[in-house]
Amino acid sequence: MSKSHLFQIHPILPVKNVVEALSFYVNRLGFKIAFADDSKNPTYAGIRRDHIEIHLQWHDEKEWETGFNTPMLRIVTQNVEVLFEELKDKNVYHENTKVRNTDWGTKEFAFYDLYNNGLTFYENL
């Protein structure tokens, strides 16, 4: 019997508006659109950059009112400081966002997307 092998993970982020989310990830973070379930008014789409793929899924306004927890993604990154500088002028950071070395042996920075999904980019020290 052969052994199973986990190959990739495609996290799904909740968003209020897929078109706005696509614009944020493409125009500010440098992703490319991988697919969308509708070319004009998508409710589910995927974006890619380098070796990662993230899916974006529309959630009704009523779901946001009840308050659900949005995910925090930790994305392994090569040359995290270069990425930080690339995104610096894209109006995505909080004023206190910076690259920092952590007690758990990483160099990282983090911020939230339009819909409060957390994105942490990091590399091991």
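What you see is a predicted model, and the numbers here were worked out from it, not measured in a lab.

*Asks:* Explain the packing of aromatic side chains to me, please; I cannot follow it from the model alone.
*Replies:* Geometry of an aromatic ring pair is reported as the spacing of the ring centres plus the angle between the planes. Overall, the coordinates contain ten aromatic pairs when judged by the stated rule. On the basis of an interplanar angle of 10° and a centroid distance of 4.7 Å, the ring pair of phenylalanine 84 and tyrosine 93 is categorised as stacked. Plain terms: the ring middles of tyrosine 93 and phenylalanine 111 are 5.4 Å apart, the flat faces sit at 65° to each other, and that makes the pair edge-to-face. Here tyrosine 93 is found in the loop between helix H3 (80-87) and strand S6 (100-101), whereas its partner phenylalanine 111 is found in strand S7 (residues 106-112), with 18 residues between them in sequence.

*Asks:* What should I look at first to understand the sheet that holds strand S4 (residues 52-58) in this one?
*Replies:* With mixed pairing, four strands are arranged side by side in an open sheet as S1-S4-S3-S2. Both edges of this open sheet fall to strand S1 (12-15) and strand S2 (32-36), since each of them pairs with a single strand only. The mean angle between the axes of side-by-side strands here comes to 30°, regardless of whether they run parallel or antiparallel. Bridge analysis of S2 against strand S3 (residues 44-49) gives four bridges, and the strand direction is antiparallel. Each residue of the ladder has a partner; that of phenylalanine 35, found in S3, is glycine 46. Sheet strands touched by helix H1 (residues 18-28): S1, S2, S3 and S4. Its angle to S4, the strand with the most contacts, is close to 155°.

Analysis parameters
- Going along each chain's sequence as written, the residues are numbered from 1 onward.
- Reporting of local features is limited, given that this is a predicted model, to residues whose pLDDT is at least 70; pairs of side-chain atoms are given and counted only at 80 or more, and all residues count toward the totals for whole chains, interfaces and linings.
- Computation of side-chain values: all heavy atoms of the structure, hydrogens and water removed.
- Note on ring pairs: Phe, Tyr and Trp rings are taken, using the six-membered ring of Trp, and paired if centres are within 6.5 Å. Classes follow the plane angle, with under 30 degrees stacked, over 60 edge-to-face and the rest tilted.
- Starting at the N terminus, helices and strands are each numbered in turn, a helix being any DSSP run of H or I of at least four residues and a strand any DSSP run of E of at least two.
- Strands qualify as paired when DSSP identifies two bridges or more between them.
- For helices, the axis comes from a line fit to the C-alpha atoms of the stretch in contact; other axes are also lines fit to C-alpha atoms, and the angle between any two N-to-C directions lies between 0 and 180 degrees.
- Any two residues whose heavy atoms approach within 4.5 Å are treated as being in contact.

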